[in-house]
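# Chains, contacts and geometry: an overview
This is what each chain is made of:
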Amino acid sequence: MNTFVFERFALDPARRRLTSAGEPVMVSERQLDVLLRLVAQPGQIVAKDDLIAAAWRDVAVADNSLEQAISSLRRILGSPASGGTFIETVPRRGYRFSATVERNAARETDERLEALLAPHRAFVEGRAALETLEAGQIARALQVFESAVAAVPDYASAHVGLANACLMRFETTRADPEPDGAALARAVHHARDACRLDPASAEAWATLGFSLAQAGRRLDAIAAASRAAALEPDNWRHHFRLAYVSWGEARLHAAHRTLVLLPGFPLAHWLAATVYVAREALDEAERELAAGLASDFTRTKFGAVALHWLHGLIHLARSNEEEALAEFEQELAGEGGGHLYARECCANTWYAIGALRLRQGRGDEAALAFARALDRVAHHPLALAALNRDPIGAVDPQTVALATAVRLAVGGSHPAAVRTIGDALAVADEGIALGVLPIEPLLHVSARPELWAEPLVRLRSRAA
């Protein structure tokens, strides 16, 4: 690729580097794009719209942004030997680069070609490690992307990869008493950097949306994920993340769009099923789960984690105890597969088994199942509540309310449990914690429909 040389300056498009007498000159990415567009046509007028398109691509900006970039470039470049300015303004038409520009063709060395490929290879390698959703691969991906960012700090995709690796690191600890908040903060930081470096990158916006959701900023998360889906409407990953951060009809729409683009994807079926559960449309939820469990994806890296658990809860809500236990056993069978969420899902499953045994009057077996849930997640709020103990660790308000209600219900105070959930629904943000209410095994709302009528109506309204 040609290097553009004018007076003491050299502009290398491949390395995206401007030097003066061999020394690097600091310029922003947008300033560099504007300068590249001008020096490629020295002496010719370049329209403002063409310069904006070159530097801002599909991002809508005012003329003032271009004027600021031109003004900064003039300060950086100074004056040519002949006087005047390197960049001339042509009123009502655009700008013109006035200096003589030489094009020097350079043949890259093998070492340079390897350096150019390295960050892209790192991105592919790191992404493949992350998409296994195996906890053991996350540390490897983290190292790969940290090296890529250090080598090429302006490569937006490297920041996207590092943000995702940090997110996965956080996800492996989110069920712990002290989740890795530093990893989550790094994820948000690098996702934002990726969006700044390349505002047209749908992957950057999708990653920002997911990280903001985990940080509890749901509205901002939905906005970022929606932008990703708008930028790349045919990418299933963006719609899946939009489904994850959304709720109600918005979640259903994004989950079903995901399934159009990637038929049979189990976790998209799971997300859709959670909305139907909150609406008490259990037949629809069961159909979604059955479709996800029948998919060939259940034997791949995109496994069916959590689907058997949720299906088992639906069976239990209908008092189909044998079918429920069979589903729970299938969920537990996947614990050794190394899936990122297997530990958390198996803890939830042991809690559900404990609830089943408690219903059957088999208290010792119930206590053992709750203990097994705590072996996997030491502060599992619902298992602690079932054992008449307070929740510990970083627990969101909805989960605290659910655990409190479970503790009251186990103690026989069902009206107090109903009031606790009603108060939580009056102030709660949208989300899955209270969405499981219709099939929560120890609250067993189907056994007392009149008592639970008002909270269930409110929940259905929120999931509409």
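Scroll up to find the structure.
Residues numbered from 1 in each chain as written. Predicted model: local features only at pLDDT ≥ 70, side-chain atom pairs only at ≥ 80, totals over all residues. Heavy atoms only, no water.

## Topic: helix α10 (residues 236–245)
Counting buried positions along α10 yields eight of 10 residues, so the element is predominantly enclosed. Taken as a whole, α10 has its buried residues at Trp236, His238, His239, Phe240, Arg241, Leu242, Ala243 and Val245. Where the residues of α10 are buried, they touch α6 (156–173), α8 (202–214), α9 (218–231), α11 (248–261) and α12 (266–278). Of the residues that open α10, the one with a side-chain oxygen 2.9 Å from the backbone nitrogen of arginine 237 is asparagine 235. (Buried < 20%, exposed > 50% of the residue type's maximum accessible area, 1.4 Å probe, protein only. Helix = DSSP H or I, 4+ residues; strand = E, 2+ residues; numbered from the N terminus. Contact = heavy atoms within 4.5 Å. Polar contact = N/O pair within 3.5 Å; in protein donor to acceptor, adjacent residues only side chain to side chain.)

## Details of the packing of α11 against α12
The contact between α11 and α12 brings their axes to 9 Å, and the two run at 155°. Put simply, α11 runs roughly antiparallel to α12. Where α11 crosses over α12, the handedness of that crossing is left-handed. Residues Gly248, Arg251, Leu252, Ala255, His256, Thr258 and Leu259 of α11 form the contact with α12, whose participating residues are Ala268, His269, Leu271, Ala272, Thr274, Val275 and Tyr276. In terms of residue class, the contact of α11 with α12 is built from eight nonpolar, five polar and one charged. (Axes fitted to C-alpha atoms, helices over the stretch in contact; angles between N-to-C directions. Parallel < 35°, antiparallel > 145°, perpendicular 65-115°, else oblique. Left-handed = near helix turned anticlockwise from the far one by under 90°. Nonpolar A, V, L, I, M, F, W, Y, C, P; charged D, E, K, R; others polar.)

## Some remarks on the packing of aromatic side chains
Taken as a whole, this structure holds nine aromatic pairs when the rule is applied. Pairwise contacts between aromatic rings join Phe6, Phe9, Phe86 and Phe97 into one cluster. (Phe/Tyr/Trp six-rings, centres within 6.5 Å; stacked < 30°, edge-to-face > 60°.)

## Some details on the environment of arginine 251
By the element assignment, arginine 251 lies in helix α11. Among the residues examined, arginine 251 registers a relative accessible area of 5% and is labelled buried. Sequence-distant contacts of arginine 251, that is, excluding residues within four places in its chain, are made with Ala243, Tyr244, Ser246, Leu271, Thr274 and Val275.

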